[in-house]
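The chain contents come next:
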Amino acid sequence: MPNKNPGLVSQAVTLVFDVANGRNALSRLVAPCLFLLDAALCALVIWKIPYTEIDWRAYMEQVAQFVSGELDYTAIKGGTGPLVYPAAHVYTYTVLYYLTDEGKNIFLAQQIFAVLYMATLALVMACYSKARVPPYVFPLLIISKRLHSVFMLRCFNDCFAAFFLWLAIFLFQRRYWAAGSMVYSWGLGIKMSLLLVLPAVGIVLLLGRGFWESLRCARLIAYIQIAIGTPFLSENPRGYLSKAFEFTRVFFFKWTVNWRFVGEEIFLSKPFALGLLAMHGLVLTGFIVNKWLKPAGKPLSTIIMPMLQLTSPFNPQEQRLVSSRVTPEYVMTTILSANVIGLLFARTLHYQFYSLLAWSTPYLLWRSGAHPVIQYGLWALQEWAWNVFPSTPISSGVVVGVLAMTVALIATKKDQGPTPVPNSTRERKNA
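Presented here is a report on the structure given in the accompanying data block. (Residues numbered from 1 in each chain as written. Predicted model: local features only at pLDDT ≥ 70, side-chain atom pairs only at ≥ 80, totals over all residues. Heavy atoms only, no water.)

**Here we look at the layout of surface pockets**
Taking a probe equal in size to a water molecule and rolling it over the atoms shows the remaining empty space.
Point 1. Estimated volume of the largest pocket: approximately 1,900 Å³.
Point 2. Contributing to the lining of the largest pocket are 47 residues, with Arg 249, Phe 251, Thr 348, His 350 and Phe 353 lying nearest its centre.
Point 3. Of all elements in the fold, only α3 (56-67), β2 (81-82), α11 (237-244) and α13 (270-292) reach the threshold of two or more residues within the lining of the largest pocket.
Point 4. Among the elements that make up the lining of the largest pocket, the one with the highest residue count is α13 (six residues).
Point 5. Classifying every residue of the lining of the largest pocket gives 27 nonpolar, 11 polar and nine charged. (1 Å grid on protein atoms, 1.4 Å probe; cavity = no way out; pocket = protein on both sides within 12 Å on 5 of 7 lines; lining within 4 Å. Points joined across faces, edges and corners; volume = space filled by probe spheres on them. Helix = DSSP H or I, 4+ residues; strand = E, 2+ residues; numbered from the N terminus. Nonpolar A, V, L, I, M, F, W, Y, C, P; charged D, E, K, R; others polar.)

Quick look at the structure:
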């Protein structure tokens, strides 16, 4: 009898580890069980925790002016100020305006956002599974207090942007390039925060679809932006562009989640803003050259020069080989790393931006090869910092620190280099 207990304990521990690491038939049940658990948690959040008014009323006031016929973006205002989101935001919240009795039925709005949360979670889990992420990472997808708050207790438009970002990743992973581009463009039309991943989307399309087809996808993204903005562009083009894509906005120090530790004087200074922009460009360039273009198997110069001459840098044989390297893992890593880099060097972050971060960090920490204890530890620090309200110098330092650590871990991870693509047909003929 004494010998049986250690054997049973050992078997139980082995079973748990096998399930957690995807080596057991029960592993496939982890995601569905967590999904159902989170559905119950969403219902509990709506039932027990009071709704907090922040932007919903302003959204509805702005939509009310739109449905009344106002198309001049500079004239559309709400309780929190002017309308500063692109046209897809207006159309999306117009639907909610009519569904919720002109925004008065907050309880129904919360239920709609609970469905949106669960739909986004389903996409996230599908993307994680496609990228072969082990089950032990999945609990981090459902236990964020701040994320539930952003969706169901605040009803921010960032939630829709996050949904369309993950839907685009889902489609790109399955090589539906045009559909993914359309979905991405609609998300960008809700909130310009999705511009952060545009460089990564462009590279994924270039390598996965080829030069000419990626240009068609780029045109599709642009055409959608023009189409949805047409009513407002026709009324006041400069007003629409200056408000929907406002790059010169002055931010308030009191709301910052990430840079409180630098002090208000530095936060508001132009050199600080320019420094962040420069660092963003520098790190982004490093990732493009050393990480994202690796599947091409070519030096950067041999990719850029033909493109500047409006010719493909790959012949058909090379393109097939390069495209085969654009795996679901590559799509996830490239787009999510661009997202986190952008958030790291963002001029300011508000709490609703967590909808774009919360589901990115677990994947990137796992992908970096960090030990599970480090993964969970960094996630816990991040979750704690984003739940401190108002932010403090310490909490904002942790926010930036975890973002920086995530980027550094991904940057220093050694990727297996691709086999160089064979010489082009032209080079073989000249040999």
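**Observations regarding the nonpolar core**
Nonpolar side chains in soluble globular proteins tend to end up buried together.
Point 1. Of all hydrophobic cores here, the largest spans 138 residues; its most connected members are Tyr 128, Trp 166, Leu 207 and Ile 335.
Point 2. The element that contributes the greatest number of residues to this core is helix α7 (residues 158-173), accounting for 13 residues.
Point 3. With sequence-adjacent residues up to four places away left out, Ile 335 is seen in contact with Leu 165, Ile 169, Phe 172, Val 197, Ala 200, Val 201 and Val 204. (Core = buried A, V, L, I, M, F, W, Y, C linked by side-chain atoms within 4.5 Å. Buried < 20%, exposed > 50% of the residue type's maximum accessible area, 1.4 Å probe, protein only. Contact = heavy atoms within 4.5 Å.)

**Observations concerning the packing of helix α4 (residues 87-99) against helix α5 (residues 106-130)**
Point 1. The contact between α4 and α5 brings their axes to 10 Å, and the two run at 135°. Comparing their axes, α5 and α4 come out oblique. Once α4 is placed against α5, the crossing between them reads as right-handed. Contacts from Tyr 93, Leu 96 and Leu 99 in α4 reach Leu 108, Ile 112 and Phe 113 in α5.
Point 2. Here the contact of α4 with α5 is built from residues that sort into six nonpolar, no polar and no charged. (Axes fitted to C-alpha atoms, helices over the stretch in contact; angles between N-to-C directions. Parallel < 35°, antiparallel > 145°, perpendicular 65-115°, else oblique. Left-handed = near helix turned anticlockwise from the far one by under 90°.)

**Here's the deal with the pattern of salt bridges**
Point 1. Inspection of every chain in the model, using the stated rule, returns seven salt bridges.
Point 2. With its nearest N and O atoms 2.4 Å apart, the salt bridge here joins Arg 216 to Glu 213. Within this pair, Arg 216 and its partner Glu 213 are both found in helix α10 (residues 211-235), separated by three residues, close to a single helical turn.
Point 3. A relative accessible area of 42% places Arg 216 in the partly exposed class.
Point 4. Owing to a relative accessible area of 27%, Glu 213 belongs among the partly exposed residues under this scheme.
Point 5. Between Lys 298 and Glu 318 there is a salt bridge, with its nearest N and O atoms 3.2 Å apart. Of the two residues, Lys 298 sits in the loop between α13 and α14 (300-308) while Glu 318 sits in helix α15 (residues 316-324), which places them 20 residues apart along the sequence. (Salt bridge = Lys/Arg side-chain N within 4 Å of Asp/Glu carboxyl O.)

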